[in-house]
Amino acid sequence: MQQPAPKIQLVNTPDYRENYANSVQVRVNLWDFLLLFGRVNQTSPENVAIHNFQAIYVSPQQAKALLNVLQQNVTQYESAFGEIRLEPQSPGGIVQ
């Protein structure tokens, strides 16, 4: 006999904030993944500043779960709106 699925309640803490990032850097070690979110500010072709504002550590298991849920959502998005084209990636794992 299967137990009923638990009721999940999403609760925003008092310090909850939403923000926009157009830069995500990923750093990996044996124990965790670090996702470093920021905004790119390019003032000239040779001058780019990335203003990092949030770093989130996740376990390798949670990183893989995030990969799966993002892939599912990107696939659904592309089915509805067309292929997402990427600019050539910068060295260092920065996604813009």
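Refer to the structure presented above.
Now for a quick tour of the structure. (Residues numbered from 1 in each chain as written. Predicted model: local features only at pLDDT ≥ 70, side-chain atom pairs only at ≥ 80, totals over all residues. Heavy atoms only, no water.)

1. Description of the packing of aromatic side chains
The criterion, for reference: Each Phe, Tyr or Trp ring (for Trp, its six-membered ring) is paired with any other whose centre lies within 6.5 Å, and the angle between the two planes then decides the class: stacked below 30 degrees, edge-to-face above 60, tilted in between. Under the DSSP-based scheme used, a helix requires at least four consecutive residues in state H or I and a strand at least two consecutive residues in state E, with every element numbered from the N terminus. Accessibility here uses a 1.4 Å probe with only protein chains present; expressed as a share of the type maximum, an area under 20% marks a residue as buried, one over 50% as exposed, and anything in between as partly exposed.
Inspection of the entire model under this criterion finds 1 aromatic pair. Geometrically, the ring pair formed by Tyr77 and Phe81 is tilted, given 4.8 Å between the ring centres and 45° between the ring planes. Of the two residues, Tyr77 and Phe81 are both situated in helix α1 (residues 60–81); the distance of 4 residues between them amounts to about one turn of the helix. Since its relative accessible area comes to 64%, Phe81 is described here as exposed.

2. Brief notes about the sheet that holds strand β3 (residues 47–58)
The line we're drawing: Strand pairing is assigned whenever DSSP detects at least two bridges linking the two strands. Comment: axis = line fitted to C-alpha atoms, over the contacting stretch for helices; angle = value between 0 and 180 degrees taken between N-to-C directions.
Spatially, 3 strands are ordered β1-β2-β3 in an open sheet, and the strand pairing comes out antiparallel. Pairing within the sheet leaves two strands with one partner each, and these edge strands are β1 (23–28) and β3. Neighbour-to-neighbour, the strand axes of this sheet turn through a mean angle of 25°, independent of strand direction. Sheet analysis places strand β2 (residues 33–44) next to β3, joined by 11 bridges and oriented antiparallel.

3. A look at the pairing of β1
Across 6 bridges, the pairing between β1 and β2 is antiparallel. In the strand pairing of β2, Arg27 is matched with Leu34.

4. Some points on the pattern of salt bridges
Spelled out, the test is: Just to be clear on terms, a salt bridge is a Lys or Arg side-chain nitrogen sitting within 4 Å of an Asp or Glu carboxyl oxygen.
Taken as a whole and judged by the stated rule, the model has 1 salt bridge. The residue Glu83 makes a salt bridge to Arg85 at a minimum N-O spacing of 3.7 Å. Here Glu83 and Arg85 have matching classes, each one exposed.

Note that every value here comes from positions in space, so none of it alone points to a role or purpose.
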